[in-house]
Amino acid sequence: MLSARTTVSFPRIDAFLTDILESLAAHDMSVTAIGDSYVATCTFGAARLVAGPQRLAIEISAPTAPELNRVRYSITGLIGFVAKSEALQIVWEGDEVGRTFPPDLRLLTVQEIQRLTPRMRRVIFAGEDLARFDTREQMHTRLLFQPEDATRPEWPTLDDAGLISWPGGRQRLGSRVYTVRHVDVAAGQLRIDFFDHGGTGPGTRWLRRARPGDIVGAVGPAAHGPKPAPRVLLVGDETGLPGIARMLEDAAPETEGLALILVADGEDRQALRAPAGVEVRWLQRSHVAGDEPLSRAVHALDWRGAHDDLFVWVGCEFHDFRAIRRFVRDELKLPAARVVAFSHWRRGMSEEDIIAVGAHAVNA
Ligand SMILES: Cc1cc2nc3c(=O)[nH]c(=O)nc-3n(C[C@H](O)[C@H](O)[C@H](O)COP(=O)(O)OP(=O)(O)OC[C@H]3O[C@@H](n4cnc5c(N)ncnc54)[C@H](O)[C@@H]3O)c2cc1C
């Protein structure tokens, strides 16, 4: 077993500890309080966090060198993002294993591109060793796009500082998060449904120039997926639609509930396979400034009665996400274990803008 440790000077640890633990729990890790420490475990290894006066001590361990660097990267990256304002210095001691290929990076080759609706494309990728994506618990992947002028693909490595080294000293590769719509491990196939929102970010640019034979990197899977429940409320826009479609297909036939899906207009609706007891309701975007149609629709539902059997999933633009998550958490008082809500994008901000601001750009 390999290990490393760090003690981070962290004057305002008390203000950030809960958010750090929540963020670890939302990204691959299962977090348990043991005595005065928190133990976070994931498929790569484990981390133990002990908060002291004005500092945070962390120990990590993993069976192999790539996995040690992957845990180191998760901890360094997530804490750095959550506590961006604190400009923390995280310096690791212990086993130094050099640069490693990320153990959760898979290479995917475009096989076919299908037009689902005017703005939605399904890309069918071929890839090897895709079993890690074949889980209902985690539905998301981060795709890494090669530079448009690349002559041969090059991929990042993880280093002993818990950072990504980008190939050839280049700027970081463009990358964006998507939902694994479907995976067939035996056939070596993975599908992603891309929404062309009309912008010029790296995800959309890649989509528009994608051709069979192109290669992307896929890291993950990550983040929480659905929890089995007799009753569901699934809320999303075009970016949440792939996740909702997958959850409806996978749901037990006796599942009841409602899927609220926001699209630009009627042409963007898709035929979805859903349990008979789940109503699929399509909403149309209004373009009225300040109007959050998904949140408005959620507030307008009949919320009388008990909600002990309800699971809520949300994936949409930040402002709708924030209003719905607050309602579900503060007014319905659903426990965190029965809510999975993510801001999938934020109006007027690219992912790079969001990273520059830190976690409060996407948290409710
Ligand atoms: C967990 C998760 C799962 C996701 N799953 C999917 C998925 O399966 N399919 C999918 O298509 N997307 C999905 N997304 C959303 C996708 O990652 C974002 O839309 C991303 O911003 C697209 O990157 P980009 O390079 O095109 O635009 P960016 O460079 O990030 O943004 C450029 C500009 O476009 C705007 N913009 C970004 N997204 C949208 C949008 N949807 N509508 C209107 N304007 C937008 C931004 O506000 C910004 O002004 C998911 C996101 C998350 C976090």
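About the cut-offs
- Residues numbered from 1 in each chain as written.
- Predicted model: local features only at pLDDT ≥ 70, side-chain atom pairs only at ≥ 80, totals over all residues.
- Heavy atoms only, no water.
- Near = heavy atom within 4 Å.
- Polar contact = N/O pair within 3.5 Å; in protein donor to acceptor, adjacent residues only side chain to side chain.
- Areas by Shrake-Rupley, 256 points an atom, 1.4 Å probe, with all protein chains shown as cover.
- Helix = DSSP H or I, 4+ residues; strand = E, 2+ residues; numbered from the N terminus.
- Nonpolar A, V, L, I, M, F, W, Y, C, P; charged D, E, K, R; others polar.
- Domains from an automatic or database assignment.
- Contact = heavy atoms within 4.5 Å.
- Buried area = accessible area lost by both parts, 1.4 Å probe.
- Salt bridge = Lys/Arg side-chain N within 4 Å of Asp/Glu carboxyl O.
- Pairing = 2+ DSSP bridges.
- Axes fitted to C-alpha atoms, helices over the stretch in contact; angles between N-to-C directions.
- Patch = residues over 30% accessible without salt bridge, like charges linked within 9 Å, V, L, I, M, F, W, Y side chains within 5 Å.
- Expected span 1.5 Å × (residues − 1).
- Buried < 20%, exposed > 50% of the residue type's maximum accessible area, 1.4 Å probe, protein only.
- Parallel < 35°, antiparallel > 145°, perpendicular 65-115°, else oblique.
- Left-handed = near helix turned anticlockwise from the far one by under 90°.

1. Some thoughts on the site of the ligand
Link 1 in the chain: The environment of the ligand is made up of 24 residues, and the closest members are V177, F195, G203, T204 and R346.
Link 2 in the chain: With respect to the ligand, the backbone of D193 contributes an N or O atom lying 2.9 Å from a nitrogen atom.
Link 3 in the chain: F195 places a polar main-chain atom, nitrogen or oxygen, 2.8 Å from an oxygen atom of the ligand.
Link 4 in the chain: Across the complex, the protein chains shield 85% of the 920 Å² of accessible surface that the ligand would expose by itself.
Link 5 in the chain: Those elements that provide at least two residues to the shell around the ligand are β12 (174-179), β14 (189-195), α3 (202-209) and β20 (339-345).
Link 6 in the chain: With 4 residues, β12 is the largest single contributor of residues to the shell around the ligand.
Link 7 in the chain: When grouped by side-chain class, the residues that make up the shell around the ligand number 8 nonpolar, 11 polar and 5 charged.
Link 8 in the chain: Viewed by domain, the shell around the ligand spans two of them, domain 2 (105-222) and domain 3 (231-361), each represented by three or more residues.

2. Some details on the domain arrangement of the chain
Link 1 in the chain: Each domain of the chain was delimited in the assignment, giving domain 1 (2-94), domain 2 (105-222) and domain 3 (231-361).
Link 2 in the chain: In this structure, domain 2 and domain 3 have C-alpha centres spaced 24 Å apart.
Link 3 in the chain: Taken together, the 20 residues of domain 2 in the interface contact 22 residues of domain 3.
Link 4 in the chain: Here domain 2 and domain 3 share an interface that buries about 1800 Å² over both sides, 49% of which is from carbon and sulfur atoms.
Link 5 in the chain: Together, M139, R176 and R181 form the three largest contributors to the area buried by domain 2 at its contact with domain 3, with a combined 30%.
Link 6 in the chain: One salt bridge in this structure joins D265 and R119, with 3.3 Å as the shortest N-O distance.
Link 7 in the chain: There are 7 residue pairs in polar contact (both at pLDDT 80 or more) connecting domain 2 and domain 3.
Link 8 in the chain: Of all the elements in the fold, those that place two or more residues in the side of domain 2 that touches domain 3 are β7 (105-117), β9 (140-145), β12 and β14.
Link 9 in the chain: Class assignment of the residues belonging to the side of domain 2 that touches domain 3 gives a composition of 8 nonpolar, 5 polar and 7 charged.

3. With respect to the pattern of salt bridges
Link 1 in the chain: In this structure the tally under the stated criterion is 25 salt bridges.
Link 2 in the chain: Between D104 and R70 there is a salt bridge, and its shortest N-O distance comes to 2.6 Å. On the criterion of sequence distance, the pair formed by D104 in the loop between β6 (93-94) and β7 and R70 in helix α2 (residues 65-82) is long-range, its members being 34 residues apart.
Link 3 in the chain: When salt bridges that share partners are traced, they join R122, R181, D193, E249 and R273 into one network.

4. Considerations on the sheet that holds strand β8 (residues 120-127)
Link 1 in the chain: One open sheet holds the 7 strands; their spatial order is β12-β9-β15-β7-β8-β14-β13, and the pairing between them is antiparallel. On the outer flanks of this sheet lie β12 and β13 (182-184), each paired with one strand and no other. Here the average twist between neighbouring strands, direction ignored, is 35°.
Link 2 in the chain: Sheet analysis places β7 next to strand β15 (residues 215-222), joined by 5 bridges and oriented antiparallel. Paired with R106 across the two strands is A218, which belongs to β15.

5. Observations regarding the sheet that holds strand β5 (residues 55-62)
The strands making up a sheet associate through backbone hydrogen bonding, with each pair oriented either parallel or antiparallel.
Link 1 in the chain: Strand order in the open sheet formed by 6 strands is β2-β3-β4-β5-β1-β6, with antiparallel pairing between adjacent strands. A strand with exactly one partner marks an edge of an open sheet, and here the two such strands are β2 (30-34) and β6.
Link 2 in the chain: As paired strands, strand β4 (residues 46-52) and β5 are joined by 7 bridges and run antiparallel to one another. Across the sheet, the residue bridging to G52 is R55, located in β5.
Link 3 in the chain: Taken strand by strand, helix α1 (residues 13-26) contacts β2, β3 (37-41), β4 and β5, and its axis lies near 165° from that of β4.
Link 4 in the chain: Sheet contacts for α2: β1 (2-9), β4 and β5; angle to β5, the most-contacted strand, approximately 155°.

6. Quick notes on a nonpolar patch on the surface
Link 1 in the chain: A cluster of nonpolar side chains, namely F101, L107 and I215, defines an oily patch on the protein surface of about 240 Å² accessible area.
Link 2 in the chain: Within the element layout of this structure, I215 appears in strand β15.

7. Some points on helix α6 (residues 318-331)
Since the α-helix advances by 3.6 residues per turn, residues separated by three or four positions end up pointing in the same direction.
Link 1 in the chain: An ideal rise of 1.5 Å per residue puts 20 Å on 14 residues; α6 measures up with 19 Å between its terminal C-alpha atoms.
Link 2 in the chain: For α6, every residue scored as buried is listed here: F318, D320, F321, I324, F327 and V328.
Link 3 in the chain: Where the residues of α6 are buried, they touch β16 (231-236), β17 (256-263), α5 (293-300), β19 (310-317) and β20.
Link 4 in the chain: By the N-cap criterion, in which a side-chain oxygen at the helix start approaches the backbone nitrogen of a residue two or three places on, α6 is capped by E317, the distance to H319 being 2.7 Å.

8. Some remarks on α5
Link 1 in the chain: Every buried residue of α5 is listed here: P293, L294, S295, A297 and V298.
Link 2 in the chain: Considering only its buried residues, α5 is in contact with β16, β17, β18 (277-284), β19 and α6.

9. Focus on the packing of α1 against α2
Link 1 in the chain: For the pair α1 and α2, interaxial distance at closest approach is 10 Å and the crossing angle is 135°. On the basis of the axis angle, α1 is oblique to α2. In this structure, the crossing between α1 and α2 has a hand that is right-handed. Contact residues: α1 offers F16, D19, I20, S23 and L24, while α2 offers I75, L78, I79 and V82.
Link 2 in the chain: Considered class by class, the residues forming the contact of α1 with α2 number 7 nonpolar, 1 polar and 1 charged.

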